[in-house]
Amino acid sequence: MQMRLSRAEYKDIVRSTEQLRPTRQCMKMLKDRFPNHSQSTLLSIFSLEYQKRTKRTISRHHAADVIEGHYQRYLNEAKARPTAPVLLEMANEVDLSPALMARLVLDRFLQDMKGEMLSKPVLNSMLKDPSLIPDQVLAKNIYQCTINDCCYGPLVDCIKHAIGEEHEVLLRDKLKERNLSFLDENKLRTMGYDKTPDIILEVPIAVEGHIVHWIESKASFGDDHSHRTYLNEQFWSYWNRFGPGLVIYWYGFIGELDCQRDRGILLKDCFPTDIVTLCHATHQQSPESTEGGQ
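Residues numbered from 1 in each chain as written. Predicted model: local features only at pLDDT ≥ 70, side-chain atom pairs only at ≥ 80, totals over all residues. Heavy atoms only, no water.

The name an unreviewed UniProt entry gives the protein is CDAN1-interacting nuclease 1, with Oryzias sinensis as the organism.

**Student:** Would you take a moment to explain the environment of D12 for this structure?
**Tutor:** Turning to its location among the elements, D12 is positioned in helix α1 (residues 7-17). Separated by 160 residues in the primary sequence, D12 and R172 place their C-alpha atoms 34 Å from one another. In this view, D12 contacts R33 and F34; residues no more than four positions away in its chain are not counted. (Helix = DSSP H or I, 4+ residues; strand = E, 2+ residues; numbered from the N terminus. Contact = heavy atoms within 4.5 Å.)

**Student:** Got a minute to help me understand the packing of helix α2 (residues 24-33) against helix α3 (residues 39-61) in this structure?
**Tutor:** Helices that pack against each other are described as a pair by the angle of their axes relative to one another and the distance between those axes. Packing of α2 against α3 leaves a shortest axis separation of 10 Å and a crossing angle of 120°. Considered as vectors, α2 and α3 are oriented oblique to each other. Regarding α2 and α3, the two cross each other, and that crossing is right-handed. Of the residues in α3, those touching α2 at M27, L30 and K31 are Q39, L42, L43 and F46. (Axes fitted to C-alpha atoms, helices over the stretch in contact; angles between N-to-C directions. Parallel < 35°, antiparallel > 145°, perpendicular 65-115°, else oblique. Left-handed = near helix turned anticlockwise from the far one by under 90°.)

**Student:** Would you take a moment to explain the pairing of strand β5 (residues 245-249) for this structure?
**Tutor:** Working note: regular strand, side chains alternate between the two faces of the sheet. In terms of burial, β5 is a largely internal element, five of the five residues being buried. Residues G245, V247 and Y249 of β5 are buried on one face, and the alternating residues L246 and I248, pointing to the opposite face, are buried as well. Of the strand pairs in this sheet, strand β4 (residues 210-218) and β5 are connected by five bridges, and their pairing is parallel. Looking across to β5, one finds that K218 is bridged to Y249. Crossover handedness for the path β4 to helix α11 (residues 224-242) to β5: right-handed. Both β5 and strand β7 (residues 265-268) contribute to a ladder of four bridges, which runs parallel. Within the sheet, the bridge partner assigned to G245 lies in β7 and is I265. (Buried < 20%, exposed > 50% of the residue type's maximum accessible area, 1.4 Å probe, protein only. Pairing = 2+ DSSP bridges. Right-handed = clockwise from strand over helix to strand, strands pointing away.)

**Student:** In this structure, what is going on with the pattern of salt bridges? I would like to understand it.
**Tutor:** Note on pairing: side chains with opposite charge can pair once their charged atoms come close. One pass over the structure, following the stated rule, counts 21 salt bridges. Measuring nitrogen to oxygen at the nearest pair gives 3.7 Å for the salt bridge that ties R33 to D12. Taken together, the residues span a long stretch of sequence, with R33 in helix α2 and D12 in helix α1 at a distance of 21 residues. Among the residues examined, R33 registers a relative accessible area of 45% and is labelled partly exposed. Notably, a salt bridge pairs D223 with K52, separated by 2.9 Å at the nearest N-O pair. Residue D223 is found in the loop between β4 and α11, and its partner K52 is found in helix α3; the two are separated by 171 residues along the sequence. A network of salt bridges, in which partner residues are shared, links R4, E208, D258, R261 and K268. (Salt bridge = Lys/Arg side-chain N within 4 Å of Asp/Glu carboxyl O.)

**Student:** Any chance you could explain α11 here in plain terms?
**Tutor:** In an α-helix, one full turn covers 3.6 residues, which means residues spaced three or four apart are oriented alike. The largest bend along α11 measures about 55° and falls at L231. Looking at α11, one finds that the buried residues are S226, H227, L231, Q234, F235, W236, Y238, R241 and F242. Elements that come into contact with the buried residues of α11 comprise α3, β3 (199-207), β4, β5 and β7. G243 lies just past α11 and shows a positive phi near 95°. (Bend = angle between axes of the 7 residues up to and from the residue.)

**Student:** Even after reading the chapter, I still don't get the nonpolar core, so can you show me in this structure?
**Tutor:** In a soluble, globular protein the nonpolar side chains are often hidden away together inside. With 63 residues, the main nonpolar core has L87, L106 and L138 as its most contacted residues. It is helix α6 (residues 98-112) that provides the largest number of residues to this core, a total of nine residues. Contacts of L87, omitting those with residues within four sequence positions, involve Y74, M101, A102, V105, L138, N141, I142 and C145. (Core = buried A, V, L, I, M, F, W, Y, C linked by side-chain atoms within 4.5 Å.)

**Student:** How do you make sense of a nonpolar patch on the surface when you look at a structure like this?
**Tutor:** Judged by side-chain polarity, Y143, I147, L155 and I159 come together as a nonpolar surface patch covering roughly 320 Å² of accessible area. Counting only elements with at least two residues in the nonpolar patch, the list comes to α8 (136-148) and α9 (154-177). When you line up the elements, Y143 lands in helix α8. According to the relative accessible area criterion, Y143 is partly exposed, its value standing at 45%. (Patch = residues over 30% accessible without salt bridge, like charges linked within 9 Å, V, L, I, M, F, W, Y side chains within 5 Å. Areas by Shrake-Rupley, 256 points an atom, 1.4 Å probe, with all protein chains shown as cover.)

**Student:** What exactly am I supposed to notice about the pairing of β4 here?
**Tutor:** Most of β4 is tucked away: seven of the nine residues are buried. Pairing analysis gives five bridges linking β3 to β4, with the strands arranged antiparallel. Along β4, the bridge assignment pairs I200 with W214. Here β3 folds back onto β4 in antiparallel fashion, the turn holding two residues, of which E208 has a positive phi close to 55°.

Quick look at the structure:
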């Protein structure tokens, strides 16, 4: 499966996502259109693009009159068609994430309930477990929105967290297989570090002729926007503190973004196979040696 995409290939996929909704059926259509790319890569690209689209349009859905319109329409249609996936249909019709539509309508429903104002944690707990919602028809609609949304919602958040953890474990296992000595994020936290790469190598390595002191694991696709954000908020600060490093975008990246190698940021879409372990005498900026520079 192709993971490192040219910008032209990436733009071709992005164009195909523009009219899609964040449903699992739409993802199947995307996979059929691009059979040479993995489902994970396509989902990551679509999710990133859909989030950009949502950020551009979400404010209009949060207007009080629009929320009221959504809510009243839901009440009318749910009464007329109690077994239909009304909320899911509404979300797709107005191009709003089903999980976000569910949140808006549930929040409005809770405002109608008598008693004290329900808090955000209560709202979140009901989205995670719709059986807590006192209205069975609404609970079913919320559940349908949650399981059919591949970009937003508590189920997606849980899956993304699990996938991120899984790839960090995979990275640690690969390092152990190569007998490479390293400090992981948990160890670094116990040493008082709050913002570090996933891995700091105690003995540096060379990958494709480039020295690597640290490794960052990203269980996502590296597009222009996310990579630029990571560079500014994470990678360059890691470089300043620990020296040159390696970023693994497990679901691929735009090949043209791998242009900072000479400056000390190397991109890969898998664990490197051509590792050369450097001798202990090689200078390394260890966490201890950079502590004063934080």
